[in-house]
Amino acid sequence: MGKGSGSNASTISFTINGKEYHVDANTANINSETMLVDFIRDHANLKGTKVMCREGGCGACVVTVRTKDAAIGADVTKGINSCITPVYSCQGWDISTVEDLGNKDDGYDVIQNRLVNFHGTQCGYCTPGMIMSMNSLRESKKDGLVTVKEVEDNFDGNICRCTGYRPILDAFKSLAVDAPEDLKRKCDDIEDCASCPCPMRQGLGRKCDKAKTKENSTLVLANGSVWTTAVDLKAVFQAIQRSNSDGKKLRFVAGNTATGVYKHEGPYSSYIEINGIPELKQKKVDSSEVLLGGGVTLADAIEFLGDISKTKSGFEYMAHISTHLERVANAPVRNNATIAGNLMIKHAHREFPSDVFVLLETAGAKLTIASSVTEMKVLTMTDFLKADMRDKLILSVHFPQRSTNYHFRSFKITRRYQNAHAYVNAGFLVKVEDGKIVEQPRIVYGGINPEFVHATATEEFLSKNTDIGSMQVLQNAFQILDKEVNPDFHPPEASPEYRKSLTQSLLYKTILGIMSGKASQHIKSGGSDIPRSISKGTQVFEADKSDSRLYKAMPKYEGAWQASGEAEYTTDIPKRPDELFGVFILSTIGSGTLKSIDATEALAMPGVVRLITAKDVKGKNNYQEYFFFPIVKPQPVFVNVGDEISYHGQSIALLLAENRQIAVEASRKVKVAYEGATKPVVDMMEALKNVEAAGLLPKHFIGTFSSEGDPSVKVNHTLAGDMNIGSQYHFYMETLNCLCIPREDGIDMHIPTQWMDHTQNNLSKVLGIPCSSINIDVKRIGGGFGGKITQPAHIAAAAAVAATTVRHPVRIALDIETNMKMLGRRLPFYMKYEVGFNDVGKIGSLKTEIFCDAGFSGNESNSLFAVIHLQNAYKALGWEVKPGFVMTNTASNTSVRAPGSVKGVALIENIMEHIAFYLKKDSLDVRKLNFIEKGDHFLPTFFGGGNFEEDNQIPRLIEEIKKSGDYENRKQFVETFNKENRWKKRGLSLIPIRYHVGFEFGCNLPAMIAIYHFDGTVSCTHAGIEMGQGLQTKVLQTIAQCFQIPMDKIKLKSTNNFIGANAFPSGGSVASELCCFAAMRACETIKDRLKPILEKLENPSWEKLIAAAYQAKIDLTASYTPGPKDDLKGYQVWALGLAEVEIDVLTGEYKVVRTDLIEDAGKSLSPGVDLGQIEGGYIFGQGFWTTERIVHCKETGELLTNRTWDYKPPETKDIPEDFRISLLKDAPNPYGILRSKATGEPILCATVAVYFALRNAITAARADKGNTEWFKLDSPITPEDVYHHCLTTPTDFKF
Ligand SMILES: Cc1cc2nc3c(=O)[nH]c(=O)nc-3n(C[C@H](O)[C@H](O)[C@H](O)COP(=O)(O)OP(=O)(O)OC[C@H]3O[C@@H](n4cnc5c(N)ncnc54)[C@H](O)[C@@H]3O)c2cc1C
Ligand code: FES
Ligand code: FES
């Protein structure tokens, strides 16, 4: 069959970046399961587009597409997730990837230029997706004009784990027609910036539109499945008939976004793509109804219904539906996701908390269902749920007209403001005349149980007891509701109790909204949602006016390459012809013994090569043989048959196949048997109890650290308390991956590791080969946050065992679920204390035990770090601190940004709050009484104690923040706000930080400089790992300063374990400083050698000097490794965090209203980079205290929060509405390298301000209930926790 389109076609065609691609149905490795992102990356070889979650949840894969609207033939431009878009659905599309916008040769697009110059990239892994989301928004608008609000609303589908979003939003808002003045001013500065590494390309994007109208076609694909593109109803029903007669399993493809939710359904044998059918895309309104085709996307529905609500009387309620839909999924998903697709998920999975279903059922909408071209049936929404939908299409949705006496209200209560499915969603339609309900109301809830739709008994009650303003009616209604709502229990969803309470709160909120005239001022706040305005931020730092290359806010060295997709990550290394892909087989029990592994069925599949198991390990089966501390328990690369399974998700084997898709499919066919399975222990409190009961507690302490007391502090009060702090997943956007290539002298290992030495040494043990046979190369990594310090050794070992066994290159790239299940996270902590203090709150004694949950191995317990940071900015008088650990049946936990330290700070700050609460004092006053002073001693730890030899900077910072943060006025405002509002509360918290930066563990990060004699250009390589922290930029500035040469003369090369032999890990925020120091010393060595040449020449140019030196046979290379000889001194970083939050007492939802941060960065080497580290670190920490919750199944031990659907790091609308950051002025570091200080981790400790601000808001709500007791507050604090601790009950619901 010839190529082209039409019913006889054997190919589909589309364009990518203007180039036409024809995909032949016979192509063996492209089938119905092949997604556009795989085609772009593996077939078109465009590696700029990244892939992470493969479920529409992160935005790494966003591309711009231009298509034809099937109803009106007009061009449509939109951003979509290429990871859930089947390549065969792209027929006729015109697609742009990030490479289409600009590059180093042709110049960069203004979007790319702005993002780089606003410091909007760090690791850069999210960056192409961000750029393409912005490009899609711009292109979708007439003349490319966007508003600030449109930008703010457009990024709910793009996660950035590094930046904290503010610089990204600012960069894109600066392009808006209504851009604020401060952003416009920044742009003027950028245009003046001669050193911008990002020259602008003329013109915006590629305007040429090659989208084509789809045509009917049927392709038989190489794997036997059939792909039909239907552009009319007749073709659909013919295809259905064909499928049925061939016995094929059928699926319609609209947006295909449902595969992002229910990922593991299918494969199907017949696909019918229905996006080209005009009837499904129609949007109409007449006097009695609004009609939307079933194939109308959520994005189109939002726009259309929003417009209708403003222009058509009787459809005002559409505004609520439109606003609610804006919170369904995320922008790129909504651009493709259809109404019918959403409803069909609900049809197939009754437990799915579909917002679309709730909205339509509340509005009383109906559906037209087509079972052939002529047979149509109109069904109510509830009848639709009962209907047999096999072989039927949802043709259209019909919304009735409603007079303004109908009050429509809907809610979505979620774990994160955006891009999160509902705990509970609800819709209320109440017709009210003269304060009376005049028709049976519609009360609809989702997220209760699979069968629950209407609160029928409550509806009936209210239709008979119509006085909506009567307290008695209301209370009776709550009682009826309480009886008829019975939520099921499905972790990690919220608890049944909370979900039941929400149904009552939301009914109350609705009635309050209707009766707002009747409600008292104090109560009215319950009627509204928490409003959120457009976020803004300020960044204050001292501009360095000298001609130094240092101390300037330079754009990031690799920023432009990140923004254009030119920056290469390990996964982007092109596939080698003989390469194999490995997929891990994970245990599905949490505790027991591995009995057998049977891969017969998998190995029989074409393209499957071999199963690698523990038997293939030639050396030691332990990827953690080498570590800083003694090993408690080995961490096997693969569990051996007959050995213990330690946790659900542990690696058992690696299946090798010719490509990823085959390996994934085949891995599902590997059968694993276990014996002696027992209930795993996944909760550290249970583990602690078991250890205590067995009398083994003393063995679980790693020491006791004590300090002398001060007899002048008369302890006459004691308080005891405890805290549980949860875990956190790193959520680096680049999941762990590696490429291992067998070589003549051993292996090459390309891997994003923060610690090459650890990876190398453990590989040597596992393979049983010398360290010198292992060549490790790391160019850059897409976010690490501690998760790539020890964990890469695991996948490196698996890939290396496989590669050396089959003697082929082997690649592993973990999907998000494997990454989350198999590898460790932040250690959960339990801490208890007994504190003694005098009448004013000065601490005279403290006894505390600090336990961490180190996972199954116990190897990386870090309660000691908590001890080191426990003292924070305070005296340690009469302290006795005992750190310990427990082990659970969970993955071996590991470092995450500010490991341990954030817990130590949280504990001492909790103690300060507890004392202040008890004494009824301002907590800041209690803190001040206990501040450390010059000459005070440090709590001795393994590293010794010593005295504090400088001035405490916190009082100075407090004075600054009192002015800049308007502290006193805001404190007053919060008090008044809380008195005036029963159902909304605010909380404010100010947290001081003293963060010790030291070189106790080591400082050997070598650097090497080479100058090329021909043109005087310079190369540098060093052992530091660039993972977004701006290390390369700082090194670049340092070299340019040392040699007094322009930055564009210098290039930084990827890191390897030759120059970086024996290197210290890049972690703990010190790698940047150490690499700058090493580079500086290496430059100085060369400068010394150049001196005699310089003396002979008269004012030579750099190039002449270097040429002359070469002639004189001067060595133009040098390297340096920092070590004890350099006597590098540790120092303190000072910081303050001031956070203000608002909570909704009726639902537990919250927002961060404002955050002010001051950090002492010494003399910041690169303020743009340092501000980015501070903002990013802060939002990372905010997520830790709030939205990010890790949940295991208590029965099986399975990690239930193992994907973007369930695990929620902050997004753009979680950041503080007002986010102000300043670097401490005039504070050069006398001890630090080039007078600077580390920035990445200290500020994360200050994020505990959010925890205490929430605590203070909850305390205010409890006080209204008459409860003034201290309460234990575990973290993270989810909306459920806020609600629960506010002690709200329906009997409190009044007017
Ligand atoms: C990251 C993410 C977050 C999400 N968050 C939410 C959320 O918060 N709330 C919420 O309600 N939803 C949410 N969703 C679900 C989303 O709304 C649906 O995935 C989407 O609406 C499905 O539409 P689709 O066109 O992509 O359907 P597809 O995936 O193409 O199809 C889904 C099903 O519908 C069938 N189908 C499609 N069209 C028709 C038709 N016209 N007639 C009959 N059958 C049809 C298909 O056969 C298939 O079985 C989320 C999805 C993702 C990926
Ligand atoms: S990879 Fe596509 S959204 Fe995450
Ligand atoms: S820069 Fe956004 S994830 Fe790293």
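Residues numbered from 1 in each chain as written. Chains lettered and ligands numbered in written order. Predicted model: local features only at pLDDT ≥ 70, side-chain atom pairs only at ≥ 80, totals over all residues. Heavy atoms only, no water.

Quick look at the overall build of the chain
The criterion, for reference: Helix and strand definitions follow DSSP, with helices as H or I runs of at least four residues and strands as E runs of at least two, each counted in order from the N terminus. Every radius of gyration here is taken over C-alpha atoms, with the globule rule written as 2.2 Å times N^0.38, N being the number of residues. Only protein chains enter the accessibility calculation, which uses a 1.4 Å probe; a residue whose area is less than 20% of its type maximum is buried, one above 50% is exposed, and one in between is partly exposed. We call two residues contacting when some pair of their heavy atoms lies within 4.5 Å. Note on areas: Shrake-Rupley, 1.4 Å probe, and residue coverage restricted to the protein chains presented here.
The secondary structure content of the chain amounts to 36 helices and 43 strands. Its C-alpha radius of gyration of 31 Å places the chain within 12% of the 34 Å reference for a compact globule of 1295 residues. Each principal axis of the C-alpha atoms in the chain carries an extent, and together these give about 90 × 80 × 70 Å. A total of 1295 residues make up the chain; the buried ones form 65% of that total. Sequence-distant contacts, at least 24 apart, represent 77% of the contacts inside the chain between residues at least 6 apart. Carbon and sulfur atoms make up 51% of the accessible area of the chain, which amounts to about 44,900 Å² in all.

Quick word on the pattern of salt bridges
Quick note on the threshold: We define a salt bridge as a side-chain nitrogen of Lys or Arg found within 4 Å of a carboxyl oxygen belonging to Asp or Glu.
Under the counting rule described, the total for this entry stands at 74 salt bridges. A salt bridge links aspartate 75 to lysine 68, with the shortest nitrogen-to-oxygen separation between them at 2.5 Å. Residue lysine 68 is classed as partly exposed on the basis of its relative accessible area of 27%. Aspartate 1115 is the salt-bridge partner of arginine 1089, the closest N and O atoms lying 3.7 Å from each other. Separated by 26 residues along the polypeptide, arginine 1089 in helix 31 (residues 1071-1096) and aspartate 1115 in the loop between helix 32 (1102-1111) and strand 40 (1117-1120) bring together distant segments of the chain. Look at aspartate 1115 and you get partly exposed, because its relative accessible area is 40%.

Structural notes on the site of ligand 1
What counts, and what does not: A molecule or strand has a residue near it when one of that residue's heavy atoms lies within 4 Å. By the criterion applied in these results, polar contacts are pairs of N or O atoms within 3.5 Å in which, for protein atoms, one can donate a hydrogen and the other can accept it, and in which residues neighboring in sequence qualify only through two side-chain atoms. Each residue is assigned to one of three groups, with Ala, Val, Leu, Ile, Met, Phe, Trp, Tyr, Cys and Pro labelled nonpolar, Asp, Glu, Lys and Arg labelled charged, and all others, Gly among them, labelled polar.
Of all residues adjacent to ligand 1, which total 36 residues, the nearest are Asn256, Thr257, Thr338, Asp355 and Lys412. For ligand 1, an oxygen atom lies 3.0 Å from a polar atom in the side chain of asparagine 342. One nitrogen or oxygen atom from the side chain of lysine 412 is found 2.7 Å from an oxygen atom belonging to ligand 1. Across the complex, the protein chains shield 95% of the 970 Å² of accessible surface that ligand 1 would expose by itself. Only strand 8 (250-253), helix 10 (331-336), helix 11 (339-348) and strand 14 (393-400) provide two or more residues apiece to the shell around ligand 1. Residue composition of the shell around ligand 1, grouped by class: 19 nonpolar, 12 polar and five charged.

Side note on the sheet that holds strand 26 (residues 705-706)
The line we're drawing: Criterion used throughout: strands pair if DSSP finds at least two bridges between them. Only the stretch in contact is used when fitting a helix axis, every axis being a line fitted to C-alpha atoms; angles between N-to-C directions are given from 0 to 180 degrees.
Strand order across the open sheet formed by five strands is 26-34-33-32-27, with mixed pairing between neighbours. Whereas interior strands pair on both sides, the edge strands pair on one side only; in this sheet they are strand 26 and strand 27 (717-725). Sheet analysis places strand 33 (residues 843-853) next to strand 34 (residues 879-886), joined by eight bridges and oriented parallel. Following the sheet pairing, phenylalanine 851 is matched in strand 34 by glycine 884. Sitting on the sheet, helix 26 (residues 901-919) touches strand 27, strand 32 (829-837), strand 33 and strand 34, and the angle it makes with strand 32 is about 40°.

Things to note about the nonpolar core
Selection rule: In this description, a nonpolar core means a group of buried Ala, Val, Leu, Ile, Met, Phe, Trp, Tyr and Cys residues linked to one another through side-chain atoms lying within 4.5 Å.
Core analysis: the biggest nonpolar cluster contains 289 residues, and Phe172, Tyr445, Phe584, Met749, Ile1009, Ile1039 and Phe1043 have the highest contact counts within it. A per-element tally of this core places helix 31 first, with 13 residues. Leu298, Ile302, Ile369 and Val453 belong to the second largest nonpolar core, which has 43 residues in total.

Here's the deal with the UniProt feature "binding site: [2Fe-2S] cluster 2" (unreviewed entry) in the chain
Worth spelling out the cut-off: UniProt positions are given in the numbering used here, feature names are shortened, and annotations may be inferred rather than shown by experiment.
UniProt tags Cys123, Cys126, Cys160 and Cys162 as "binding site: [2Fe-2S] cluster 2" (unreviewed entry). In sequence the annotated residues extend across 40 residues, while in space they remain close, none of their C-alpha pairs exceeding 9.3 Å. For cysteine 160, the location among the structural elements is in the loop between helix 4 (148-153) and helix 5 (166-173). Once you skip the residues sitting within four places of it in the chain, cysteine 160 turns out to touch Cys126, Met130, Tyr165 and Ile168. As for its placement among the helices and strands, cysteine 162 is situated in the loop between helix 4 and helix 5. Among all residues touching cysteine 162, those that are not within four sequence positions of it are Gln122, Cys123, Phe785, Gly1172 and Gly1176.

Here's the deal with the UniProt feature "active site" (unreviewed entry) in the chain
UniProt records the feature "active site" (unreviewed entry) for Glu1241 in the present numbering. Inspection of the secondary structure puts glutamate 1241 in the loop between strand 43 (1218-1223) and helix 34 (1242-1246). Assessed through its relative accessible area of 10%, glutamate 1241 is described here as buried. Those residues in contact with glutamate 1241 that sit more than four places away from it in its chain are Arg897, Ala898, Pro899, Tyr995, Gly1068 and Ser1069. At 3.0 Å, the side chain of glutamate 1241 forms a polar contact with the side chain of tyrosine 995.

Structural notes on the pairing of strand 2 (residues 19-24)
Pairing analysis gives six bridges linking strand 1 (residues 11-16) to strand 2, with the strands arranged antiparallel. Counterpart to isoleucine 16 in the pairing with strand 2 is lysine 19. Between strand 1 and strand 2, which pair antiparallel and follow one another directly, the connecting turn spans two residues, one of which, asparagine 17, has a positive phi of 50°.

Here we look at the confidence of the model for the chain
Reading predicted coordinates in detail is not appropriate for stretches of low pLDDT. Heads up, the rule is: Confidence of the predictor in every single residue is expressed as pLDDT, which spans 0 to 100.
For the chain, the mean per-residue pLDDT works out to 95, and 98% of the residues sit at or above 70. In this model, residues 1-5 is a region of pLDDT below 50 whose contacts with residues beyond four sequence positions or in other chains number 12 contacts.

Concerning the sheet that holds strand 3 (residues 62-68)
Here we have five strands laid out as an open sheet, ordered 2-1-5-3-4, and mixed in their pairing. With partners counted over all chains shown, the strands left at the sheet margins are strand 2 and strand 4 (75-81), one partner each. On average, each strand axis in the sheet is tilted by 30° relative to the strand beside it, whichever way the strands run. Its contacts with the sheet put helix 1 (residues 36-43) on strand 1, strand 2, strand 3, strand 4 and strand 5 (94-96), and the angle it makes with strand 1 is roughly 70°.

Details of the environment of lysine 1049
In this structure, lysine 1049 sits in the loop between helix 30 (1031-1043) and strand 38 (1050-1052). Classification of lysine 1049 by relative accessible area gives buried; the value is 16%. Discounting residues that sit within four places of it in the chain, lysine 1049 has contacts with Asp1015, Gly1016, Thr1017, Val1018, Trp1102 and Glu1103.

Structural notes on unusual backbone geometry
Look at the link from glycine 266 to proline 267: it is a cis peptide, with omega at 0°. At the junction of serine 1275 and proline 1276, the peptide bond is cis and its omega measures out at 5° in the coordinates. You can see proline 1276 is positioned in the loop between helix 35 (1248-1264) and helix 36 (1279-1285). In the Ramachandran plot, alanine 898 falls in the positive-phi region, its phi being about 60° despite a non-glycine side chain. Of note, alanine 898 is situated in the loop between strand 34 and helix 26. Here the phi dihedral of leucine 1234 falls at roughly 55°; this positive angle occurs in a residue that is not glycine.

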